[in-house]
Structures are given as C-alpha cells and as structure tokens.
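Report on the structure
Chain by chain, the residues:
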Amino acid sequence: KNILITGASAGFGKAIAERLAKHSNVQLILTARSEDKLKKVCQQINSETNTPVIPLIFDIRDFEATAAAVRSIPAEFQPIDILINNAGLALETKFVHEGDLKDWEQMIDTNIKGLLYITRLISPQMVERREGQIINIGSISSHDVYPGGNVYCATKHAVWALTKGMRMDLLPFDVKVTQISP
C-alpha cells in the first residue's frame, strides 16, 4: 500500500509513520513544511526498517505548492491507497476578543483548507480506481470546546463536518473515509 501522511515531521504524523513503517507491505510518502525535521524522520525510518519512504517538503496552505508536490510523487509510489490528513496546528488559547488574526488564518488555512487541498488532489484517483481510504485526524475538540480554543475548536469541528460530508460523497465510489479524534 502507498500511504501519504501530511504533517509527518512531528507529533501524531511522525508516530503514525513510525508505526506503519513496521509493516512490510507499505511505502510511505511523508509531507511537512520543515525539511530538516522531515528528513530526520525519513532517515530514522530508513535506518530502522526496510520500508521505502520519501519526503515531500511543502506548505499545505499553498494549493499550487501542494499540487506540485503531488505531481512530483514518483511512479513507484503511485497510486495513493491511503491518505492520512494529519497536518494541523493549534496556535493560541486566547479568548476570542483577544485573538490574533494571523494565528487564526494560519489555523484555518492549515487545518481546513490544507485538508481540502490535498484531498481534492488525491481523491480523484481513488474514485477512478473505486478504492482507497482517507483518514482525517481530528481532535476531541471536534466534539467539545474549551475556553480560549474558539478558532482551533472551530477548525476541528469543520474537519468533523468535512469527514461526514466526504464519507457521503465518496461512499458510492467505494472510497472509505474515517476520522480519528485524539
């Protein structure tokens, strides 16, 4: 299976990549903005397993960069069987009347638009083949809100809604859509 994981340089994305690399029947395509961190993850996987792994360095908030990265995936790592939408971030815990617009935009662009961009680029090949799986990494904040988490929680609520909508849209094409909410 060819598995693409966004936001794989740290946290859940890195842990998911390390865990999947222990299986002999996978190839990993790992993405992140941080070249140094992502290359270290790939080097670690290469030194500890026989799993083929390649890094894609780009900012998922930029559709053109995302599209160029997807186009650069080598033929031997195609088609994408599983897309794990993990890229996301929480930047602040300020009350809404004190919030930083720049932080809000980065969370919205990463957590919602980035998920949409990569899904829009990968899902057509799954639909065409009538197989594939998309796993969206949400958060408990998809379901519950906490003081100061206004924008982050809103983005994770959006991931939950998108997951349900994607599931309905892609079910007729045998593409599975799941959300995990740590």
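From a predicted model like this one, the values you see are computed outputs, not experimental measurements.

Bringing the environment of Asp 62 into the picture now. In this structure, Asp 62 sits in the loop between strand E3 (53-57) and helix H3 (63-71). The sequence separation of Asp 62 and Thr 110 amounts to 48 residues, and the corresponding C-alpha distance is 9.1 Å. Within the local environment of Asp 62, its side chain forms a polar contact with the backbone nitrogen of Glu 64, the two atoms lying 3.0 Å apart.

We now examine the nonpolar core. Leu 4, Ile 29, Ile 73, Ile 122 and Ile 134 are the most contacted members of the largest nonpolar core, which has 23 residues in total. Here this core takes four residues from helix H4 (residues 101-129), the largest share from any one element. Discounting residues that sit within four places of it in the chain, Ile 134 has contacts with Leu 83, Asn 85, Thr 119, Ser 123, Met 126, Met 166, Leu 170, Val 175, Lys 176, Val 177 and Thr 178. Ala 21, Leu 28, Ile 45 and Ile 82 belong to the second-largest nonpolar core, a separate cluster that totals 19 residues.

In this section: the sheet that holds strand E5 (residues 132-137). Taken together, six strands build an open sheet; the order of strands is E3-E2-E1-E4-E5-E6 and the sheet is parallel. The outermost strands of the open sheet, each flanked by one partner alone, are E3 and strand E6 (175-180). Ignoring strand direction, the axes of neighbouring strands in this sheet form an average angle of 15°. Pairing of strand E2 (residues 27-32) with E3 involves five bridges; the strand directions are parallel. The partner of Ile 29 across the bridge, within E3, is Ile 54. Relative to the sheet, helix H5 (residues 150-170) contacts E5 and E6, its axis offset from that of E6 by approximately 160°.

Residues Thr 66, Ala 67, Ala 69 and Val 70 constitute the buried set of H3. Buried residues of H3 fall within an arc of 160° about the axis and therefore sit on the same side. Across H3 from its buried face, at more than 90 degrees, point the exposed residues Glu 64 and Arg 71. Where H3 is buried, its residues touch E3 and H4.

Rules of the game
Residues numbered from 1 in each chain as written. Predicted model: local features only at pLDDT ≥ 70, side-chain atom pairs only at ≥ 80, totals over all residues. Heavy atoms only, no water. Helix = DSSP H or I, 4+ residues; strand = E, 2+ residues; numbered from the N terminus. Polar contact = N/O pair within 3.5 Å; in protein donor to acceptor, adjacent residues only side chain to side chain. Core = buried A, V, L, I, M, F, W, Y, C linked by side-chain atoms within 4.5 Å. Buried < 20%, exposed > 50% of the residue type's maximum accessible area, 1.4 Å probe, protein only. Contact = heavy atoms within 4.5 Å. Pairing = 2+ DSSP bridges. Axes fitted to C-alpha atoms, helices over the stretch in contact; angles between N-to-C directions. Arc of directions from axis to C-beta.

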